[in-house]
Each structure stands twice: as structure tokens, then as C-alpha cells.
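# A look at the structure
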Amino acid sequence: MAALLEYVCQLKHLRYLALKRTDMCRLPENIHGMKFLQHISLEGCESLMKLPDSIIKLQGLRFLDIDDTLVNSIPRGFRALTNLRVLYGFPAYIDGDWCSLEELGSLSQLNELSLESLENVSSALLAAKARVDAKKQLTYLGLKCGGRVGDGLVQGEVSESKEEEQMIEAVFDVLCPQPCIEYISIKRYFGRRLPGWMTSTVMVPLESLKILVLEHLPCCTQLPDGLCRLPYLEWIKVMNAPVIKCIGPEFVQQYNQLHRPSSQLAATFPKLQQMHFDGMEEWGEWVWETEVKAMPLLEVLRITSCKLGRMPPGLMSHAIALKKLTIRRVRGLHSLENFVSVVELDLYDIPELAMISNIPKLQKLTIKCCPKLEMLQEMAALRRLELRVFRRENQLPVYLPTVKPSHLLLTCSLEVLTSMAEGESSSEWDKFSHIKQVEAYAEEGGDEKKWHVLYTSESSNIQTNIHQDRLVEEEE
């Protein structure tokens, strides 16, 4: 690799250098000889620990990606790269009275910027030297803390000190982007509250923001209340926020409007299309009453790994464009009903779920590991049902006769499949014989489709390999 790089550096007119996910450990010092170089991508080079000092001489450089590398320092004088438009993975650190973020102050042409290891910044004054709030062309901002946080939890205790929480909150508060920002990603942040510039009291809102990603927030206790008023927000993703217990009414309606008549208020989250809540283990309550209009364009909602006891009435009443609903690993949810626009429903590991009703436009339903489910009602448009039955269950679900999908894809135990293969004499016959097409499988030895039963209602014909294979085994 070193020899190749030395050769590449002789290509004086090269403009684009991409070495993503290679085992390269350093860039040659003579890289400054490539005076026309505009694009350097080093993403995922996990052995790379340092940038050459000479990189600051590449005056035409417009793109630099050192994300997912071991680079934890940058050459002083980095501020000379004033033509940079995209900078990913910039490490924040302090050396004496100097902070690396100072080098970003003069980079006014940046369109996309991601900062790493922000826990190293010891004061808001140092963070302010990055002048994020002055970058008028910035459309993407990524803010990330380093190795303190893993899989949604701070390593060791929930937090080492209240002072550290307050410090990181102050640092993030000054990294406030201009209203032109379109995409914000915050990861591994260990403050108790999210930045102040996301709240409803901020004077200059994020009026152009379209995408917000919040990942690994181990200490954050609530979502900000200012998101609902953002006119162009299209996608929200919250992942691994384990201490948020409630999403309150302020999420869909600002505090200063909570007592105003709903007839006087426009719908909040007017452009929101997708929303994901993943890994919020303590989340048990979502307050959104029917009087509050919100999310009229929401199409995709995903909720996983929480203990939400019920879906909010406001969601069923006002999310009239909702097409795909995914709910997985949710403890405490007993019923799902009145989602009148949903066409695709994916359910997995909901141990208390007993009833699904009034989803009249539903076309595709996937059910896996919902052992207490007994009732499916009012889903006349259902075309495809994908069902996984626990191995320990020795019969098909009791709700099957109440629905009539065109196609049933079933994974079950060999015991249940063997019974189905008996056809009209089977105790399971009345549960599936009305379905137009049935594909049923049982696994063995890692082969998920080792055994099968295929059925069509038009001919009442059953094809199976169960009896045939067993006869062959007996003859051998």
C-alpha cells in the first residue's frame, strides 16, 4: 500500500483520491505535490492514525472524509483549507490552551461538517471558536461524542458527574447551526437535555431542517419540544435513549399553545413523513390527545424495544397518511386498532398483544412471536399474511379462520405442518382451507424450508414432502 501511495503522489494532476476501508496507516508527506487534488476519502481506514502536516498546502481541497479512522489530531494551520466544502470526522481535542475546533473558524464555505470526540472540549468558549453558527452554507451537521458511550449506555455508571453533563450541554448549545441546516445527526451525547436550539423558546428556529437523527442518548430524559413547529421536517430517528419514560403533549404541541383551542391551530409536524423510535427501553407513555392536530403526512412509523402500553389517540385520528407501521419487542401493548390508512403492518415479539381490529386498508400483515394474539377483525383488504408460530405451539392460531388473505406464508413446527399435510382429515383444515394460496414450512438442521406444505383452495390440492421423505428414510 505504501508503494502504491508513493506512486499515486507522482500523479500531479490527480483530482480524486478514494482509499475507503483499506489498511492504509498513513498518507505520504509529499501529498502536497498533488496541487490539483480536490477530493480525499479515507472513511473506514481503521489503521490510519495521523494526517501529514503537508495536507494544509492542498489549497484546492474541497472534500475530506476521515470518518471511522483512528485520526485523533489534525495539523495546526488546517484553517488554511478555506475551499473545503465537505469535512467528515474532524476530531475535537485540546493541546495546552489550543483547541482543534479553532481551525474550523475560517472555513466559511463548508456545506457538510461532522465533529468527533466532543467530550474532549472543556468549555463552551472553546467550542464557540468553531463558529458553527456563522457558517451560512452549512446543510449537514454531525455532532458526536467518543468512547464513553456504547450501545446506548455510558460505560461504567450512568454518568461520571453532573458537571460533565452540564459541560457537554453547554458545548452543544454553542454549536448551533444557521437556519439553512437541513440534516442534523447527534450521536453518543450524554447530556440530560438536548441542545437549547431545538426547543420552542429559540428565537431563530431550524426552519430548513428536514432530517434529524438522535442516536445513543444514555442520559437524555425527554425529547425537545421545538421540533413540532419546524415547517420542513420530514424524518425523525431516535435510537437508544434508555431513560426517556414519556413523550408528553409538548412533543406535538408547543408549551405556549397547550391551552389554546385546537380549532385555532394548524397541524404541527406538517411535513413529517417518517418517524423511528428504537431502543427506548423505559418508554411507557405517549401523550397525544385527539384534539391536537399533527403529522398529517406521516407515512412510516417504527417503534421497537420499549414498553409502550397503548398507542396515542391523536396518532390514530390525525396520521391519516400512515401506510407502514412496524412494532417490535414492545412489552405491555395489548391491542392495536383504528389505523384506518395503514396498508402494511409488521409485528414481532409483542408478548401481551391480544387483539388487532379496524385496519380496513391493510394489505400485508406480518406476525411473529405474538403468543397471546387471539382476535383479528375488520381487515377486509388483507392480501398477504406472513405468520411465524412458536415451535412449542402445537396448533395454528385461533384467529386464522376470521381473516381471508389471498396468500398465507407460514413458518411453524414440524408437528403442526404434519397435521396440515393430512388435508381434510386434519384438525387444522378449517383454519387454512379457505385461503387461496398457502405456503407452509418447518425447519430442520438449519434449513428453514426443509419441510413444506403447499396448498391452493381452487383445487383443494396439497403438495408436501413430509410423508415422502419419511418413507425414504424408513426404506434406508
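Residue positions within a chain follow its written sequence, with the count starting from 1. At least 70 in pLDDT is required for a residue's local features to be given in this predicted model, at least 80 for side-chain atom pairs to be given and counted, and no such filter applies to totals for whole chains, interfaces and linings, which use all residues. Side-chain measures were taken over the full set of non-hydrogen atoms in the model, leaving aside hydrogen atoms and water.

Identification of the protein as Disease resistance R13L4/SHOC-2-like LRR domain-containing protein from Aegilops tauschii subsp. strangulata is taken from an unreviewed UniProt entry.

### With respect to the overall build of the protein
Only runs of H or I of at least four residues qualify as helices and only runs of E of at least two qualify as strands under DSSP, and these elements are numbered from the N terminus. Looking only at helices and strands, the protein features seven helices and 28 strands. Within the protein, residue pairs in contact and separated by at least 24 positions form 52% of the contacts whose partners lie at least 6 positions apart. The method behind every accessible area is Shrake-Rupley, applied with a 1.4 Å probe, and residues are considered shielded solely by the protein chains displayed. Split by element, the accessible area of the protein, about 21900 Å² in all, is 48% carbon and sulfur. Note on contacts: a residue pair qualifies if any of its non-hydrogen atoms lie within 4.5 Å across the two residues.

### Details of the pattern of salt bridges
The salt bridge criterion pairs a side-chain nitrogen of Lys or Arg with a carboxyl oxygen of Asp or Glu, the two atoms within 4 Å. In total, this model carries 20 salt bridges according to the counting rule given. Among the ionic pairs, aspartate 95 bridges to arginine 76, the shortest N-O distance being 3.4 Å. On the criterion of sequence distance, the pair formed by aspartate 95 in strand 5 (residues 94-95) and arginine 76 in the loop between strand 3 (63-65) and strand 4 (86-91) is long-range, its members being 19 residues apart. Between arginine 331 and aspartate 349 there is a salt bridge, with the nearest N and O atoms lying 3.5 Å from each other. In this pair, arginine 331 is assigned in the loop between strand 18 (324-330) and strand 19 (335-337) and aspartate 349 in the loop between strand 20 (344-348) and strand 21 (355-357), connecting sequence segments 18 residues apart. One network of salt bridges, in which partners are shared, links Lys20, Arg21 and Glu43.

### A few points about the environment of leucine 353
Considering the arrangement of structural elements, one finds leucine 353 in the loop between strand 20 and strand 21. With 23 residues separating them along the chain, leucine 353 and valine 330 place their C-alpha atoms 9.2 Å apart. Apart from residues lying up to four places away in sequence, leucine 353 is in contact with Leu333, His334, Ser335, Leu336, Leu347, Cys370, Lys372 and Leu373.

### Focus: the environment of isoleucine 66
Topologically, isoleucine 66 is positioned in the loop between strand 3 and strand 4. Residue isoleucine 66 is classed as buried on the basis of its relative accessible area of 3%. Along the backbone, isoleucine 66 and leucine 48 are 18 residues apart, and their C-alpha atoms lie at a distance of 8.8 Å. Isoleucine 66 has contacts with Leu42, Leu51, Val71, Tyr88, Gly89 and Pro91, leaving out every residue within four places of it along the chain. The rule is simple: take the accessible area with a 1.4 Å probe, protein chains only, and divide by the maximum for that residue type; under 20% is buried, over 50% is exposed, in between is partly exposed.

### A look at the environment of glutamine 253
Locating glutamine 253 in the fold gives a position in the loop between strand 14 (246-247) and strand 15 (274-278). A sequence separation of 26 residues divides glutamine 253 from leucine 227, and the C-alpha atoms of the two residues are 9.3 Å apart.

### As for the sheet that holds strand 21
Pairing in this open sheet of three strands is parallel, and the strands run 19-21-23 from one edge to the other. Each of the sheet's edge strands pairs with one partner strand only, and the pair in question is strand 19 and strand 23 (375-377). Recorded for the sheet is a direction-independent mean angle of 0° between the axes of neighbouring strands. We call two strands paired when DSSP finds no fewer than two bridges between them. In terms of strand pairing, strand 21 meets strand 23 through three bridges, oriented parallel. Residue pairing across strands places serine 357 opposite glutamine 377, the latter belonging to strand 23. Where helices are involved, their axes are fitted lines through C-alpha atoms of the stretch in contact, as for all axes, and angles between N-to-C directions lie from 0 to 180°.

### A word on the pairing of strand 12 (residues 211-215)
Across a regular strand the side chains alternate sides, sitting on one face of the sheet and then on the other. Most of strand 12 sits out of view: four of its five residues are buried. Bridge count for strand 11 (residues 183-187) against strand 12 is five bridges, and the pairing is parallel. Across the sheet, residue isoleucine 184 finds its bridge partner in strand 12, namely leucine 212. Bridge analysis of strand 12 against strand 13 (residues 235-239) gives five bridges, and the strand direction is parallel. Among the inter-strand pairings, glutamate 215 is bridged to a residue of strand 13, identified as methionine 239.

### Some words on unusual backbone geometry
Here the phi dihedral of asparagine 338 falls at roughly 70°; this positive angle occurs in a residue that is not glycine. Take asparagine 338: it is sitting in the loop between strand 19 and strand 20. Exposure remark for asparagine 338: the relative accessible area of 33% places this residue in the partly exposed category. For asparagine 358, which is not glycine, the phi torsion reads 55° and is therefore positive. By the secondary structure assignment, asparagine 358 is in the loop between strand 21 and strand 22 (364-368).

### Brief notes about helix 3 (residues 162-174)
Multiplying one less than the number of residues by 1.5 Å gives the expected span of a helix. In a regular helix each residue adds 1.5 Å, so 13 residues correspond to 18 Å; helix 3 covers 19 Å between its end C-alpha atoms and thus fits that length. Restricting attention to buried positions, one finds in helix 3 the residues Glu165, Ile168, Glu169, Val171 and Phe172. Along the axis of helix 3, the buried positions cluster into a sector of 160°, meaning they face one direction only. Pointing more than 90 degrees away from the buried face of helix 3 are the exposed residues Lys162 and Glu163. Think of the arc as the fan of directions from the helix axis to the C-beta atoms.

### Quick notes on the packing of aromatic side chains
Pairing of aromatic rings covers Phe, Tyr and the six-membered ring of Trp, with a centre-to-centre limit of 6.5 Å; geometry is then stacked below 30 degrees between planes, edge-to-face above 60, and tilted otherwise. Counted according to the given criterion, the structure contains 15 aromatic pairs. For the pair tyrosine 93 and tryptophan 98, a centre-to-centre distance of 5.6 Å together with 75° between the ring planes defines the contact as edge-to-face. Relative accessible area serves as the criterion here: at 7%, tryptophan 98 is assigned to the buried category. Clustering of aromatic rings is evident, with ring pairs tying together Phe251, Phe269, Phe277, Trp283, Trp286 and Trp288. Above the ring of tyrosine 441, the side-chain terminus of lysine 449 is found at 4.8 Å from the ring centroid. In this scheme, Lys NZ or Arg CZ marks a charge over a ring once it lies within 6 Å of the ring centre and within 35 degrees of the ring normal.

### Quick notes on helix 5 (residues 414-421)
Because each turn of an α-helix spans 3.6 residues, side chains separated by three or four positions end up pointing in the same direction. When you tally the buried positions in helix 5, you get six out of eight residues, the bulk of the element. All of the buried residues in helix 5 are Val416, Leu417, Thr418, Ser419, Met420 and Ala421. Just downstream of helix 5 lies glycine 423, where phi reads positive at about 70°.

### Describing the side chain of serine 341
Note on placement: serine 341 falls in the loop between strand 19 and strand 20. A residue is classified by how much of its surface remains accessible, and serine 341, at 7% relative accessible area, is buried. Within the structure, the side chain of serine 341 is placed 3.4 Å from the backbone oxygen of isoleucine 320, a separation counted as a polar contact. The definition of a polar contact used here is a pair of N or O atoms within 3.5 Å, where within protein one atom must be able to donate a hydrogen and the other to accept one, and adjacent residues in sequence count solely through side-chain atom pairs.

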